[in-house]
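Residues per chain, in single letters:
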Amino acid sequence: MSERARTATPAPVTDRLTLSTSLHAEPAAERGDTSAVRIWLWSVAALVFLMVIVGGAVRLTESGLAITEWKPITGILPPLSHAAWLAEFEKYKQIPQYRELFPDMDLGRFQAIYTWEWGHRLLGRLIGFAFAIPLVFFWVGGRLPAGSRPKLLGILALGALQGAVGWWMVASGLSGRIEVAQERLAIHLLLASVTLAAIVWNATGLERNTEARTSAPPRLRVIAASLLALVLVQIGLGGLVAGLRAGLTYNTWPLMDGYFVPPLDHLIVLSPWWANLFDNITTVQFAHRVTAYCVLALGILQVIAVKRATGRGPAYRRAHIVFGLIFLQVIAGITTLLLVVPISVALIHQALAMLVLIAATMHLRQLSAEAHAARFMPSSFS
């Protein structure tokens, strides 16, 4: 071969790829380097978890109506002088809750409930910043995995909606009633739970699982999805129970006023009939109990189904964790009821509900990932 022909020969493909890579570095997300994004998402999930627990404390301490105005910007600062505290206290005295429930409240007691509600709102703002600022940073830096941007924007929108729903809930208790509307409280709690589940879903999808994966039959994903949906229903019912203070009645178990199933004329006393699902204390507490039994039964079914389908692998261990948390949650719920809703036990009950939600979400996400991996796994090697 002549010298001219040798110089015209193109460089090997591998050399060209190496040169291209050196000139155009891949974004971190394209190389699979998502550890920073994963840590960020799990950190925000932890803050949302804390937010739900603080929200429970706000409800149990009757603090939710202490701040009678919604000031997203100026409301960041609490009252900074005695005169400012007195002004806020005067605003609280204008609502029915003060006049009918706490007419003998002093300034010190007001400051205590105000601080709970102010901390709850401040934490909400912190979560917004903790999500939005890193999102911009990772987006601009090309660190977000392919296809994740619409999902993360959706989570950001859920967070913004949560703030609006929170004020919509508080506004329901400022006139005409002495507490927030229980259905709005349930929506507020459900929206927080959906937001938490969405963050956990995306964070779990970025996990690098080095264990051998077994293809999960579709029925396992159906069971896991059904369980997750039922957990969300149960959380919504828990919001109704909290809003109606239904935990302060029927403080026996497993019977309610001597009945395992209350008489129909106790369950349906309001018209239209569906109003009992939201406003009848007996119906709401009974629905909460029955749904808990269903969640527990479905958790047991999931363990059995996973063991039969995949053996004692990662999916079986995850199913056991989900069931274990459900069992603890049932025990905490019964204890909360029998002790007539002490704040510490009630908060444990609420925290366990969020842990069940997280575990169920992670399990379903991992099953989906395993099915996807198995679909594209080569059956043979040449």
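Residues numbered from 1 in each chain as written. Predicted model: local features only at pLDDT ≥ 70, side-chain atom pairs only at ≥ 80, totals over all residues. Heavy atoms only, no water.

Trainee: Now, about the overall build of the protein: what can you tell me, with residues and values included?
Mentor: Secondary structure summary: the protein contains 14 helices and 0 strands in total. Reading the protein from its N end, one meets helices and strands in the order α-α-α-α-α-α-α-α-α-α-α-α-α-α. Taking all 382 residues of the protein together, the buried fraction comes to 44%. Here the contacts in the protein between residues at least 6 apart in sequence split such that 79% fall between residues at least 24 apart. As displayed, the protein offers around 19900 Å² of accessible surface, 69% of which is attributable to carbon and sulfur atoms. (Helix = DSSP H or I, 4+ residues; strand = E, 2+ residues; numbered from the N terminus. Buried < 20%, exposed > 50% of the residue type's maximum accessible area, 1.4 Å probe, protein only. Contact = heavy atoms within 4.5 Å. Areas by Shrake-Rupley, 256 points an atom, 1.4 Å probe, with all protein chains shown as cover.)

Trainee: Can you break down the packing of helix H3 (residues 35-60) against helix H6 (residues 107-140) residue by residue, with the values?
Mentor: Two elements in contact, H3 and H6, have axes separated by 10 Å at closest approach and are oriented at 165 degrees. Comparing the axis directions of H3 and H6 gives the class roughly antiparallel. In this structure, the crossing between H3 and H6 has a hand that is left-handed. By residue class, the composition of the contact of H3 with H6 is 20 nonpolar, 3 polar and 1 charged. (Axes fitted to C-alpha atoms, helices over the stretch in contact; angles between N-to-C directions. Parallel < 35°, antiparallel > 145°, perpendicular 65-115°, else oblique. Left-handed = near helix turned anticlockwise from the far one by under 90°. Nonpolar A, V, L, I, M, F, W, Y, C, P; charged D, E, K, R; others polar.)

Trainee: Report on the confidence of the model for the protein, specifying residues and quantitative values.
Mentor: Detailed reading of the predicted coordinates is not advisable wherever pLDDT is low. When pLDDT is averaged along the protein, the result is 88, and 86% of the positions lie at 70 or above. Segment residues 1-28 is flagged for pLDDT under 50; beyond a separation of four residues in sequence, or across chains, it makes 8 contacts in the model. Between residues 376-382, whose pLDDT stays under 50, and residues either more than four places distant or in other chains, the model counts 0 contacts. (pLDDT = per-residue confidence, 0-100.)

Trainee: Now, about the pattern of salt bridges: what can you tell me, with residues and values included?
Mentor: Evaluated as defined, the whole model comprises 10 salt bridges. Across the pair Glu90 and Lys93 runs a salt bridge, and its minimum N-O distance is 3.3 Å. The partly exposed category is assigned to Glu90, whose relative accessible area is 41%. A salt bridge links Arg177 to Glu179; its shortest N-O distance comes to 3.0 Å. Relative accessible area serves as the criterion here: at 26%, Arg177 is assigned to the partly exposed category. A network of salt bridges, in which partner residues are shared, links Arg59, Glu62, Arg177, Glu179 and Arg245. (Salt bridge = Lys/Arg side-chain N within 4 Å of Asp/Glu carboxyl O.)

Trainee: Describe in detail empty space enclosed by the protein, supporting the description with residues and values.
Mentor: In this structure the tally under the stated criterion is 1 cavity of 30 Å³ or more. As a volume, the largest cavity reaches approximately 30 Å³. Every residue along the wall of the largest cavity is listed here: Pro254, Phe260, Phe286, Arg289, Val290 and Tyr293. Of the residues that constitute the lining of the largest cavity, the class distribution is 5 nonpolar, no polar and 1 charged. (1 Å grid on protein atoms, 1.4 Å probe; cavity = no way out; pocket = protein on both sides within 12 Å on 5 of 7 lines; lining within 4 Å. Points joined across faces, edges and corners; volume = space filled by probe spheres on them.)

Trainee: Please set out unusual backbone geometry residue by residue, giving values where relevant.
Mentor: Geometrically, the link from Trp253 to Pro254 is a cis peptide bond, its omega value of 10 degrees lying close to zero. The residue Pro254 is located in the loop between helix H9 (218-244) and helix H10 (264-267) in this model. With an omega dihedral of 0 degrees, the bond running from Ser271 to Pro272 counts as a cis peptide bond. The topology assignment puts Pro272 in the loop between H10 and helix H11 (276-279). The phi angle at Val341 is positive, at roughly 60 degrees, despite the residue not being glycine. You can see Val341 is positioned in the loop between helix H13 (314-338) and helix H14 (343-375).

Trainee: Quick one: what's the story with the nonpolar core, residue by residue and with numbers?
Mentor: In terms of nonpolar packing, the biggest core is built from 60 residues, with Trp40, Leu41, Phe131, Leu152, Leu196 and Leu357 touching the most fellow members. Elements supplying a minimum of two residues to this core: H3, H6, helix H7 (149-171), helix H8 (182-205), H9, helix H12 (281-310), H13 and H14. Apart from the residues within four sequence positions on either side, Leu357 is in contact with Ser193, Leu196, Ala197, Leu228, Val231, Leu232 and Ile235. (Core = buried A, V, L, I, M, F, W, Y, C linked by side-chain atoms within 4.5 Å.)

Trainee: Go over the packing of aromatic side chains, please, and point to the residues and values.
Mentor: Applying the stated rule across the entire model yields 13 aromatic pairs. When the centroid spacing of 5.4 Å and the interplanar angle of 45 degrees are considered together, the rings of Trp40 and Phe138 count as tilted. Note that Trp40 is positioned in helix H3 and Phe138 in helix H6, a separation of 98 residues in sequence. Judged by centre distance (6.0 Å) and plane angle (10 degrees), the ring pair of Phe260 and Tyr293 falls under stacked. One end of the pair, Phe260, is in the loop between H9 and H10; the other, Tyr293, is in helix H12, and 33 residues separate them in sequence. What links up through ring pairs into an aromatic cluster is the set Trp85, Phe89, Tyr92, Tyr98, Phe110 and Tyr114. Across the ring face of Phe89, the terminal group of Lys93 is positioned such that the distance to the ring centre comes to 4.5 Å. (Phe/Tyr/Trp six-rings, centres within 6.5 Å; stacked < 30°, edge-to-face > 60°. Lys NZ or Arg CZ within 6 Å of the ring centre and 35° of its normal.)

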